Amino acid sequence: MLSASSTATLSAPLGLAGPGRDSPALVAQAPLALLDDPHEWSAFSRPVENRASCWESSVVFEGMHCAACALTIEDALRAVPGVESVQVSAATHRGRIVWSEAAVKPSGWMQAARQAGYPAVPANDAFANDRRKAETRRALWRLAVAGLCMMQVMMYAWPAYVAEPGDLAPDMAQLLRWASWVLTLPVILFSCGPFFTSALRDLRQRRVSMDLPVALGMLITFAVSTAGTFEPAGIFGAEVYFDSLTMFVFFLLTGRWLELRLRDRTAGALEALMNRLPDSVERRRSDGEFERVAVRRLAAGDVARVLPGEAFPADGVVLEGDTLADEALLTGESRPVPRGQGSAVIAGSHNLAAAVLVQVERTGAQTRFAQIVALMETASTTKPQIAQLADRMAKPFLIAVLVAAGGACAFWWSRDPGHALMVAVAVLVVTCPCALSLATPAAMLASAGALARRGILVRRLQALETLAAVDTVVFDKTGTLTRDAFALGAVDTREGVSPSQALAWAAALARQSLHPVSRALVAAAVQAAAPEVRASGVNEIAGQGVAGQVGTLSLRLGSAVFCGLSLPPAEAIQVCLVDEGGWIATFELHEELRSDARATVQALRACGIAVRLLSGDGRAAVARVAGELGIEAARGDCTPQDKLAFLREAQQQGHKVAMVGDGLNDGPVLAGAHASFAFGQAVPLAQAQADFVVMGDQLAGVAQTLRRGRRTMRIVRQNLWWAGLYNAICVPLALVGWLPAWLAGLGMALSSLVVVTNALRLAGRLDLETPAGAV
């Protein structure tokens, strides 16, 4: 997270207040140079892997309201030389920009966004909450002014509605019109400010967004009513519409304010996860005293004092003190975990009980927290296919709205010019693509937030749509259905090789692998105090084993098939070690099933899901696990190619397949599945190929996510039906003049509110106790 001081530096070019800004002259001269300093890039950007000189920045755009705004920003940034790709989400207002430092600097594309009317600020800006609160306060003030004036205008308009002919004197009627005009001025000049500002910006840049037809409707209504007030005998003098104007402005502002609040709640879990680091921390100086410094100034080896209620700023080890840590959003562990002297703590977790001294081991992008944030930032800016289609339709839809309004006005003009203009206003206001563009991303972001609170990270929002259609789930065994930890049992060696020596050689190769079996061999070697030797030229074949040089020996460690051996079936997992002369040793490892494995398999079956088990382990061990879990279709001795072949065969038969693996050794299979889960806390998130990453130890997250995917798509379909039905009914009513302007404003506000509120049902707690069949 950006510290206050660094955020002020980054925010300065965007006109944001912050500490450390000495003078207007400094602000005017320095900002662009500050943004272009490579030392500042790490605060809001990260290098793109395997692409030299390319950076990926995550920012939030201010002033967005609809899908057309997102498309406008994307078009403006893509026009900047050096910007390679842009993704902007209308639902979260977040953007992901990939750019080349050789062709453009951050100030270049940020200035382009600002000129387009949408200032960009770092996504993890320390002042984000302050700006959000200020935005909410301004919206409330505009809403309050519109509401107060609306009530007064309605009071003055009421006599004209109820008076019989001759009851209301012409002078009194004119006085009421003037009073309504005066009370409407604050609404137009203050409450409608954002609509007019955005519309004027659109006209200057020759583009269209949702605010343009709305602003035109407001302006036309006010102009017609003003003409009727100043010239009662003129062409527009028959009726004034100040009451309709103030009412639909009030309804629109109410809708936008509620959308703002609901949007914060919808993406609340994502924001909470991505902004868990403190702004500053107490660091111990060389004299033993503590000073408060920005978190980004911490380095490996520093000692920091973390107080109760603060988040741990980096990965490290507790030197002094005992406390409880809340790691729920990072590991999925719902209960506080004890952390005492010698215990590891992770960045982003919260210190709950007492002050502790922590020695920093990893900071910044090296921490697991940073990897999680990178995944969530990517997820929050991705667009599902349905949402991309809705976004592409937004601009043509708005142009069609303007054409339809003009046509309706021309049709009615010969009968009653005043009524013709109000029909055009109703068409401009009532046709709202916002509900259509929010239908899919709002629901998916709400689900992603709910899953994040349970320690399940969604890497691609599109995967939620795919998961809803899955009918087959394929599990890997080791580290997925079984626990990560193994216990070393018997060790058989050839004559002349001691078990300790064989274990030392095996551990030398295993240290280069992250497979659970490899970690178990390394742990066993440490526990047995086996001599430590080093391996060189190590090459890992995913899911099979590792090969390398240890001293003068060319060794292979892995399954019997990988080592070219034929072993009799055994209950335990057998890991073989061979050299050029043949067999050296066999290590037997014992494993146990996860406590919720059986319940998860049963839950998936109750959902109508076929469960399969594929593993590279021996057939006997695989058959034993399958029998205990009630999985009928199971295969052992599978290479990654075998798993991929099974996957493709199932897909060719029309099945939608989800794969659950360890996220590293099953990379090709995970990438080839329709949807995939990487399971286990030891997964390097940057290397995981899965659509979903389960952070905790609970296998039940797979069944929960599948149910959540199905429920999400039900909500999406409901939202799309509502948005389509609303426009299908209201647009014809507006065109034939049966929908007054104030009711059109109410309909527009409600259309988006219904969509977002319906999506908000997905933001609650996961239904852990919901019967598996109730999908």
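Look up a bit, the structure's there.
Note on numbering: residues in each chain are counted from 1, in written sequence order. Side-chain atom pairs in this predicted model are given and counted only at pLDDT of 80 or more, local residue features only at pLDDT of at least 70, and totals for whole chains, interfaces and linings cover all residues. Values reported for side chains reflect all heavy atoms of the structure, with hydrogen atoms and water molecules removed beforehand.

Novice: Quick rundown of the overall build of the protein chain? Include the residues and the values.
Specialist: Helix numbers and strand numbers start at the N terminus; a helix is a DSSP run of H or I with at least 4 residues, a strand a run of E with at least 2. Assigned secondary structure in the protein chain consists of 27 helices and 27 strands. The cut-offs for exposure are 20% and 50% of the maximum accessible area for each residue type, with area from a 1.4 Å probe on protein chains only; residues under the lower value are buried, those over the upper are exposed, and the others partly exposed. Each of the 775 residues in the protein chain was classed as buried or not, and the buried ones make up 54%. Working rule for contacts: check all heavy atoms of both residues, and any pair within 4.5 Å makes them a contact. Counted over contacts in the protein chain with a minimum sequence separation of 6, partners at least 24 positions apart contribute 70%. Working definition of accessibility: Shrake-Rupley area with a 1.4 Å probe, residue cover restricted to the visible protein chains. Total accessible area on the protein chain stands at roughly 32200 Å², and carbon and sulfur atoms take up 57% of it.

Novice: Break down unusual backbone geometry for me, with residues and values.
Specialist: Backbone geometry places alanine 529, a non-glycine residue, at a positive phi of 55°. Following the sequence through the fold, alanine 529 ends up in the loop between helix H21 (516-527) and strand S18 (536-541). For alanine 529, a relative accessible area of 65% corresponds to the exposed category.

Novice: Any details on the pattern of salt bridges? Residues and values, ideally.
Specialist: In what follows, salt bridge is the name for a side-chain nitrogen of Lys or Arg lying within 4 Å of a carboxyl oxygen of Asp or Glu. What the rule picks out here adds up to 15 salt bridges. With a shortest N-O distance of 3.7 Å, aspartate 302 and arginine 283 are connected by a salt bridge. In this pair, aspartate 302 sits in the loop between strand S7 (290-294) and strand S8 (303-306) while arginine 283 sits in strand S6 (residues 280-284), placing the two residues 19 residues apart along the sequence. Accessibility assignment for this pair places aspartate 302 and arginine 283 in one class, buried. As a salt-bridge pair, glutamate 628 and arginine 624 come within 3.1 Å of each other at their nearest N and O atoms. Of this pair, glutamate 628 and arginine 624 both sit in helix H23 (residues 619-629), separated by 4 residues, roughly a single helical turn. What you see here is one network of salt bridges that share partners, running through Glu282, Arg292, Arg305 and Glu310.

Novice: Residues and numbers for the nonpolar core, please.
Specialist: Among soluble globular proteins, nonpolar side chains are generally buried collectively. If you look at the biggest cluster of nonpolar residues, it comprises 52 residues, and the most contacted ones within it are Met218, Phe248 and Val249. It is helix H16 (residues 417-430) that contributes the most residues to this core, 11 residues altogether. For methionine 218, the residues in contact, after removing those within four places along its chain, are Cys192, Phe195, Phe196, Leu245, Phe248, Val249 and Leu252. The criterion is simple. A nonpolar core is a set of buried Ala, Val, Leu, Ile, Met, Phe, Trp, Tyr and Cys residues joined through side-chain atoms within 4.5 Å.

Novice: Outline the packing of aromatic side chains, supporting the account with residue identities and numerical values.
Specialist: Between the rings of Phe, Tyr and Trp (Trp by its six-membered ring), a pair exists once the centres lie within 6.5 Å; its type follows the angle of the planes, with under 30 degrees stacked, over 60 edge-to-face, and the other angles tilted. In the structure shown here, the tally under the stated rule is 11 aromatic pairs. With a centroid separation of 5.8 Å and 80° between ring planes, the pair formed by tryptophan 178 and tryptophan 181 is classed as edge-to-face. Here tryptophan 178 and its partner tryptophan 181 are both found in helix H8 (residues 170-191), 3 residues apart, which amounts to about one turn of the helix. For tryptophan 178, a relative accessible area of 32% corresponds to the partly exposed category. Aromatic rings pair up to connect Trp55, Trp99 and Trp109 into one cluster. We call a charge positioned over a ring when the NZ of a Lys or the CZ of an Arg lies within 6 Å of the ring centre and within 35 degrees of the ring normal. The ring of tyrosine 118 carries arginine 201 above its face, with NZ or CZ at 4.5 Å from the centroid. When the ring centre of phenylalanine 562 is taken as origin, the NZ or CZ atom of arginine 556, which lies over that ring, is 4.0 Å away.

Novice: Please give an account of the packing of H8 against helix H9 (residues 193-204) that cites residues and values.
Specialist: For helices, the fitted line uses only the C-alpha atoms of the stretch in contact; every axis is such a line through C-alpha atoms, and the angle between N-to-C directions lies from 0 to 180 degrees. Running from N to C, H8 and H9 point in directions that differ by 50°, and their axes come no closer than 5 Å. The angle between H8 and H9 places the two elements in the oblique class. Contact residues: Ile188, Phe190 and Ser191 in H8; Gly193, Pro194, Phe195 and Phe196 in H9. Here the residues of the contact of H8 with H9 sort into 5 nonpolar, 2 polar and no charged. Just so you know how the angles are binned, under 35 degrees is roughly parallel, over 145 roughly antiparallel, 65 to 115 roughly perpendicular, and the rest oblique. Throughout, the ten residues Ala, Val, Leu, Ile, Met, Phe, Trp, Tyr, Cys and Pro are labelled nonpolar, Asp, Glu, Lys and Arg are labelled charged, and all others, Gly among them, are labelled polar.

Novice: For the environment of tryptophan 141, give the residues involved together with the corresponding values.
Specialist: Tracing the backbone shows tryptophan 141 in helix H7 (residues 128-162). Residues tryptophan 141 and serine 191, spaced 50 residues apart in sequence, show a C-alpha to C-alpha distance of 8.0 Å.

Novice: Go over the pairing of strand S25 (residues 657-661), please, and point to the residues and values.
Specialist: Counting buried positions along S25 gives 5 out of 5 residues, so the element sits mostly inside the fold. Side chains Val657, Met659 and Gly661 project from S25 onto one buried face, and the interleaved Ala658 and Val660 project onto a second face that is buried too. Following DSSP output, two strands are said to pair if at least two bridges run between them. Sheet topology note: the strand S16 (residues 472-475)/S25 ladder contains 4 bridges and is parallel. Along S25, the bridge assignment pairs valine 474 with methionine 659. Where S25 lies against strand S26 (residues 675-679), 4 bridges are found, and the strand directions are parallel. Following the sheet pairing, methionine 659 is matched in S26 by serine 676.

Novice: So what's going on with a nonpolar patch on the surface? Which residues, and what values?
Specialist: Like charges are joined within 9 Å and nonpolar side chains (Val, Leu, Ile, Met, Phe, Trp, Tyr) within 5 Å, but only among residues with over 30% relative accessible area and no salt bridge; these make up the patches. Together, Trp158, Tyr161 and Val162 make up a nonpolar patch on the protein surface, roughly 360 Å² of accessible area in all. Locating valine 162 in the fold gives a position in helix H7.

Novice: Could you give me a rundown of the packing of H16 against helix H27 (residues 741-760), with the residues and numbers involved?
Specialist: The geometry of H16 relative to H27 is characterised by a closest axis approach of 8 Å and an angle of 5° between their N-to-C directions. Between H16 and H27, the crossing angle belongs to the class labelled roughly parallel. Where H16 approaches H27, its residues Met422, Val425, Ala426, Val429 and Val430 are matched on the opposing element by Ala741, Ala744, Gly745 and Met748. Class assignment of the residues belonging to the contact of H16 with H27 gives a composition of 8 nonpolar, 1 polar and no charged.

Remember, this is a structural readout, not a statement about activity or role.
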